Amino acid sequence: MFFTQLGGKENSLQMLTSGEWDVTRIVAYNADNKTVYFLSTEDKPRTRHLYSVETSGSLNRTCLTCDLIPGCHFVDVEFSPGGSFFILFCKGPGIPHVSVHQTHNPKDFQMLEDNQPLNTSLSEKDMPETLYRTIHIDNYDLPVRLTLPPGYQDSEYPLVLWLPEAPGAQQVTEQFSLGWESVLVSSFHIIVAHFDGRGSKNQGLNLLHETYRKLGSVDVKDYIPVVQQLKQLPFVDQNRIGVYGKAYGGFLALKLLSLSDELFVCGVAVAPITSFHLHSAVLSERYLGMPSQEGSAYMVASVLNSIQRLRDKRLLLVHGTADANVHFQHTAELLNRLIQAGSNVTSRIYPDEDHFFLSKGSQQHLTQSIVSYLQSCLHSGGIRHREQ
């Protein structure tokens, strides 16, 4: 809180929060009781809760939504104009619902939408199970989320490491979601693993800044011990592990395939960044600095120098020719070099499709192609049942 007096020369600065967690949004300020309301990850990095903090006196900080509603650990909030009420959007891990609460007594609330039809529908289906784990790397306790087939304890399943789409992203949260990766787990019995390593957000600035001018080195090094530890889990088939990524995740997938000979049997890279010399200058220079001054950083953050190590990898490359986020030139240059090296790489090129594959026909074809490819390389041995 920054205090100043009109026409005065003296100013004062008061820190309201501190710790290895992030304030994700300031929601409201009540001038009457001098209280700031904000969302943060203080409870756990994977959660979002509403907190209040006084801007004077003892600076008391209170969590208003912790343990307020069972199964509601990831929230968003909108306050009324006067600040007497707030709407709580509970986004997980249970079925999302919406309620309105009194600010001075949040336990006094009225449910606006309970999503009962969705709850009833999903209760009749075999839904994936979720398991959270923590892996210690370089003095950090880093979170992993495993999405598992129902009854996973009795068998060994293939696993796909799912990589973030952008630098600084957060994947391990308790937000409810259903996507085609959920079908990959429930219908095709493939475990999906998400991991937030160094460079991910909402775990403090120190962790976030670990990858500054080190894209493709520090973050890639984190994934290797993660996969090595996941291989030791009794329900993971250590001989059938793949990797998937889009955009920056595609870049990481290619990096991991080029660096590790035994960890992954195959990979999928959708619209991958292959060289930051070819990428948006705004993003490239933000994370790596000026190319004229940081040549070594740009060299490390490129997969075009790893063609010989990628030549014999089982790899599916996917890109739309009208992609304005990650230009098609990235994949074209990579394919050209792989072909010149004699690689038998598999590719899917979508004419006139952009980064988001907005055409329903292309979306369906894309997901079917990826699922078929992963089935082919990961299910060749079938599901292995452990001996009792």
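That block above? That's the structure.
Residues numbered from 1 in each chain as written. Predicted model: local features only at pLDDT ≥ 70, side-chain atom pairs only at ≥ 80, totals over all residues. Heavy atoms only, no water.

Draft legend 1. Broad picture of the overall build of the protein chain. Across its full length, the protein chain holds 10 helices and 19 strands. For 388 residues, the compact-globule estimate of 2.2 N^0.38 gives 21 Å, and the C-alpha radius of gyration of the protein chain, at 24 Å, lies within 12% of that figure. Expressed along its principal axes, the backbone C-alpha trace of the protein chain runs to roughly 70 × 60 × 45 Å. With 388 residues in all, the protein chain has 48% of them scored as buried. By sequence separation, contacts in the protein chain at least 24 residues apart represent 60% of the contacts at least 6 residues apart. Total accessible area on the protein chain is roughly 19,200 Å²; 48% of this is exposed by carbon and sulfur atoms. If the 31 positive side-chain charges of the protein chain are averaged to one point and the 39 negative ones to another, these points end up 5 Å apart. (Helix = DSSP H or I, 4+ residues; strand = E, 2+ residues; numbered from the N terminus. Rg over C-alpha atoms; globule rule 2.2 N^0.38 Å. Buried < 20%, exposed > 50% of the residue type's maximum accessible area, 1.4 Å probe, protein only. Contact = heavy atoms within 4.5 Å. Areas by Shrake-Rupley, 256 points an atom, 1.4 Å probe, with all protein chains shown as cover. Lys, Arg positive; Asp, Glu negative; His and termini not counted. Charge placed at Lys NZ, Arg CZ, Asp CG, Glu CD.)

Draft legend 2. The environment of Tyr 132, seen in detail. Tracing the backbone shows Tyr 132 in strand β11 (residues 129-137). The exposure class assigned to Tyr 132 is partly exposed, which follows from its relative accessible area of 26%. In sequence terms Tyr 132 and Arg 46 are 86 residues apart; their C-alpha atoms lie 9.8 Å from each other. Residues in contact with Tyr 132, not counting those within four places in the same chain, are Arg 46, Val 144, Arg 145, Val 172, Thr 173 and Glu 174. A distance of 3.2 Å separates a polar atom in the side chain of Tyr 132 from the backbone oxygen of Thr 173. (Polar contact = N/O pair within 3.5 Å; in protein donor to acceptor, adjacent residues only side chain to side chain.)

Draft legend 3. Examining the environment of Thr 120 more closely. Take Thr 120: it is sitting in helix α1 (residues 116-123). Linking Thr 120 and Gln 228, residues 108 residues apart in sequence, is a C-alpha distance of 39 Å.

Draft legend 4. Looking closely at the pattern of salt bridges. Applying the stated rule across the entire model yields 12 salt bridges. The residue Asp 237 makes a salt bridge to Arg 240 at a minimum N-O spacing of 2.7 Å. Under the relative-accessibility criterion, Asp 237 is labelled buried at 1%. Residue Arg 240 is classed as buried on the basis of its relative accessible area of 3%. Where salt bridges share partners, they join Arg 25, Asp 76, Glu 78 and Lys 91 into one cluster. (Salt bridge = Lys/Arg side-chain N within 4 Å of Asp/Glu carboxyl O.)

Draft legend 5. Focus on the sheet that holds strand β8 (residues 85-90). Taken in spatial order, the 4 strands line up as β7-β8-β9-β10 in an open sheet, and their pairing is antiparallel. Only two strands of the sheet have a single neighbouring strand rather than two, namely β7 (75-79) and β10 (109-113). When strand polarity is set aside, the average angle formed by the axes of neighbouring strands in this sheet is 25°. Here 4 bridges tie strand β9 (residues 97-102) to β10, and the two strands are oriented antiparallel to one another. If you follow Ser 99 over to β10, its bridge partner there is Met 111. (Pairing = 2+ DSSP bridges. Axes fitted to C-alpha atoms, helices over the stretch in contact; angles between N-to-C directions.)

Draft legend 6. Focus on the packing of aromatic side chains. Taken as a whole and assessed by the stated rule, the structure comprises 11 aromatic pairs. The interplanar angle of 85° and the centroid separation of 5.8 Å between the aromatic rings of Trp 180 and Tyr 244 together place this pair among those described as edge-to-face. Remark: Tyr 244 occurs in strand β15 (residues 236-246) and Trp 180 occurs in helix α2 (residues 180-186); sequence separation between them is 64 residues. The exposure class assigned to Trp 180 is partly exposed, which follows from its relative accessible area of 24%. Of the residues examined, Tyr 244 reaches a relative accessible area of 7% and is grouped as buried. When the centroid spacing of 5.6 Å and the interplanar angle of 85° are considered together, the rings of Phe 251 and Phe 276 count as edge-to-face. Here Phe 276 lies in the loop between β16 (266-270) and α6 (281-288) and Phe 251 lies in helix α5 (residues 248-259), a separation of 25 residues in the sequence. According to the relative accessible area criterion, Phe 251 is buried, its value standing at 0%. (Phe/Tyr/Trp six-rings, centres within 6.5 Å; stacked < 30°, edge-to-face > 60°.)

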